[in-house]
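Examination of the molecular architecture
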Amino acid sequence: QVQLAESGGGLVQPGGSLTLSCAASGFTFSTYTMRWFRQAPGKERELVAAITTSGSITNYGDFEKGRFTISRDNAKDTVYLQMNRLKPEDTAVYYCNARYSGGIYDYWGQGTQVTVSS
């Protein structure tokens, strides 16, 4: 059974930091590209960052350089998203995605809510 278990979401104040985790099971984690998406209310889902099997990182969209960092720990079958200097516009549901062979297989987590507010 394939599963992506997300955790780490919650309510934080502007300027704060938060680390999201996505624990994978049911497949060979090290052979999959891992990605983080987010979807804010009334907006389309957008790709935040991706990390390949070899550790190459790609950042997407209009994110402030250096605020978000994706990483993976193959020994723990876990991918992370470190978020710093959070802004209210970062409020969204954040989703973990595992992709194999350019999209032959795509697995999704159920999402974790991040709310940035005073």
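Residues numbered from 1 in each chain as written. Predicted model: local features only at pLDDT ≥ 70, side-chain atom pairs only at ≥ 80, totals over all residues. Heavy atoms only, no water.

Mapped onto the elements of the fold, Arg38 is located in strand E4 (residues 33-39). Accessibility expressed as a relative area gives 9% for Arg38, which makes it buried. Of note is the side chain of Arg38, whose polar atom sits 3.0 Å from the side chain of Asp90. One polar contact links Arg38 to Tyr94, side chain to side chain, over a distance of 3.0 Å. (Helix = DSSP H or I, 4+ residues; strand = E, 2+ residues; numbered from the N terminus. Buried < 20%, exposed > 50% of the residue type's maximum accessible area, 1.4 Å probe, protein only. Polar contact = N/O pair within 3.5 Å; in protein donor to acceptor, adjacent residues only side chain to side chain.)

Under the counting rule described, the total for this entry stands at one disulfide. One disulfide in the model links Cys22 with Cys96; its S-S distance is 2.1 Å. What sets the handedness of the Cys22 and Cys96 disulfide is the S-S torsion sign, and at about -80° it is left-handed. With Cys22 in strand E3 (residues 18-25) and Cys96 in strand E9 (residues 92-100), this residue pair connects regions lying 74 residues apart in the sequence. Judged on exposure class, the residue Cys22 and its partner Cys96 are both buried. (Disulfide = S-S within 2.5 Å.)

Here we take up the packing of aromatic side chains. Inspection of every chain in the model, using the stated rule, returns seven aromatic pairs. Here a set of aromatic residues connected by ring pairs shows up, and it is made of Phe27, Tyr32, Tyr100, Tyr105 and Tyr107. Directly above the ring of Phe37 sits Arg45, whose terminal nitrogen or CZ lies 5.4 Å from the centroid. Arg72 extends its terminal NZ or CZ atom over the ring of Phe29, reaching a point 4.5 Å from the ring centre. (Phe/Tyr/Trp six-rings, centres within 6.5 Å; stacked < 30°, edge-to-face > 60°. Lys NZ or Arg CZ within 6 Å of the ring centre and 35° of its normal.)

Here we take up the pairing of E9. The pairing of E4 with E9 spans seven bridges and is antiparallel. Its bridge partner lying in E9, Gln39 is registered against Val93. Pairing between E9 and strand E11 (residues 112-116): three bridges, direction antiparallel. Among the inter-strand pairings, Val93 is bridged to a residue of E11, identified as Gln113. In the sheet, E9 pairs with strand E10 (residues 105-108) via four bridges, with the strands oriented antiparallel. (Pairing = 2+ DSSP bridges.)

With that settled, consider the sheet that holds strand E8 (residues 78-83). As a general point, the strands of a sheet are linked pairwise by backbone hydrogen bonds and lie either parallel or antiparallel. The sheet built from four strands is open, its strands ordered E1-E3-E8-E7 with antiparallel pairing. This sheet does not close on itself; its edge strands, each paired only once, are strand E1 (3-7) and strand E7 (68-73). In this sheet, neighbouring strand axes are inclined to one another by 15° on average, regardless of whether the strands run parallel or antiparallel. Here E7 pairs with E8 via six bridges, running antiparallel. Within the sheet, the bridge partner assigned to Ile70 lies in E8 and is Leu81. (Axes fitted to C-alpha atoms, helices over the stretch in contact; angles between N-to-C directions.)

It is worth spelling out the nonpolar core at this point. A general feature of soluble globular proteins is that nonpolar side chains tend to end up buried together. With 27 residues, the main nonpolar core has Met34, Trp36, Val79, Leu81, Met83 and Tyr94 as its most contacted residues. For this core, the secondary-structure elements that each account for two or more residues are E3, E4, strand E5 (46-51), E7, E8, E9 and E11. (Core = buried A, V, L, I, M, F, W, Y, C linked by side-chain atoms within 4.5 Å.)

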